[in-house]
Amino acid sequence: SFEDASRLLVDLQGLMGVPKELIDLQMVLGWFYLRHGRLSEAWATIDALNSAYDRLEMDPVVGYITQPDAVLGHVALAQGDYSKAAEVGRRALSQQVRFTHPANQEFAAQILAQVALATGRLDDAQTFAGQALAISQRAGDRWFRAYIHNTQGDIAMARQEYVEAKRFYEASFAIRQAFGD
């Protein structure tokens, strides 16, 4: 199985060093666990990857949401642990000064927007959502722009600004329709 193959590669890590493929596989496995609601396994897998990066003094590989703290923020959000999500979201965003991967920057700001929304800090939520949107626009990331428009719609709904919420949701829908999502 996928999980068995991942464990085998992790076991071989000591013999082979840390090939990019292993790092990629650990990240995919962490996302797999997150998407299937196996949150403690997702946290352990991504946290181990984060520790490996630290131990090896490596930067995350360049790619879409490859910075472990950005993924840990999503896990913490799914667990309803907003203080942990805020902690790793802030850490992920601060690390982006060094890594400068736009997709990681977008998601770090998105995590902080979601935390602020969930804890009723709507001005902060809008600020972080606006930051994420600006990053996605600079990067030309249409998929993420659609994603963050949904968050902006949620913020507007929380403010009972229904016309504004509809505008954001429709903007998201139009972007997704344009590329068949």
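Each remark here, short or long, concerns the structure printed above.
Basis of the calculations
Residues numbered from 1 in each chain as written. Predicted model: local features only at pLDDT ≥ 70, side-chain atom pairs only at ≥ 80, totals over all residues. Heavy atoms only, no water. Helix = DSSP H or I, 4+ residues; strand = E, 2+ residues; numbered from the N terminus. Contact = heavy atoms within 4.5 Å. Axes fitted to C-alpha atoms, helices over the stretch in contact; angles between N-to-C directions. Parallel < 35°, antiparallel > 145°, perpendicular 65-115°, else oblique. Left-handed = near helix turned anticlockwise from the far one by under 90°. Nonpolar A, V, L, I, M, F, W, Y, C, P; charged D, E, K, R; others polar. Phe/Tyr/Trp six-rings, centres within 6.5 Å; stacked < 30°, edge-to-face > 60°. Buried < 20%, exposed > 50% of the residue type's maximum accessible area, 1.4 Å probe, protein only. Lys NZ or Arg CZ within 6 Å of the ring centre and 35° of its normal.

K.L.:
Looking at this structure, I do not really get the side chain of His149. What am I missing?
P.N.:
Topologically, His149 is positioned in helix H8 (residues 142-158). Excluding residues within four positions of it along the chain, His149 makes contact with Leu133, Phe168, Ala171, Ser172 and Ile175.

K.L.:
Hey, could you run me through the packing of helix H6 (residues 102-118) against H8 in this one?
P.N.:
The relative placement of two packed helices comes down to the angle between their axes together with the axis-to-axis distance. Running from N to C, H6 and H8 point in directions that differ by 15°, and their axes come no closer than 11 Å. Classified by the interaxial angle, the pair formed by H6 and H8 is roughly parallel. Once H6 is placed against H8, the crossing between them reads as left-handed. Judged by residue contacts, Glu106, Phe107, Gln110, Ala113, Gln114 and Leu117 of H6 engage Trp143, Phe144, Tyr147, Ile148, Thr151, Asp154, Ile155 and Ala158 from H8. Residues of the contact of H6 with H8, tallied by class, amount to nine nonpolar, three polar and two charged.

K.L.:
Please clarify how the packing of aromatic side chains should be interpreted in this entry.
P.N.:
In this description, an aromatic ring pair is defined by two values, namely the gap between the centres and the angle between the planes. One pass over the structure, following the stated rule, counts six aromatic pairs. An angle of 50° between the planes, with centres 5.5 Å apart, marks the rings of Phe144 and Tyr147 as tilted. Of this pair, Phe144 and Tyr147 are both found in helix H8, three residues apart, which corresponds to roughly one turn of the helix. Of the residues examined, Tyr147 reaches a relative accessible area of 24% and is grouped as partly exposed. Grouping aromatic residues by their ring pairs yields a cluster made of Phe107, Trp143, Phe144 and Tyr147. The ring of Phe168 has Arg167 lying over it, and the distance from NZ or CZ to the ring centre is 4.5 Å.

K.L.:
What is the right way to look at the environment of Ala158 in this model?
P.N.:
Inspection of the secondary structure assignment puts Ala158 in helix H8. If we ignore the near neighbours within four places in the chain, the residues touching Ala158 are Leu117 and Leu122.

K.L.:
Can you walk me through the packing of helix H7 (residues 122-139) against H8 in this structure?
P.N.:
Two numbers describe how H7 lies on H8: the axes approach to 9 Å, and their chain directions differ by 165°. Here H8 runs roughly antiparallel to H7, going by the angle between their axes. The handedness of the crossing between H7 and H8 comes out as left-handed. Residues Leu122, Ala125, Gln126, Ala129, Ala132, Leu133, Ser136 and Gln137 of H7 pack against Phe144, Arg145, Ile148, His149, Gln152, Ile155 and Ala158 of H8. The residue inventory of the contact of H7 with H8, partitioned by class, reads nine nonpolar, five polar and one charged.

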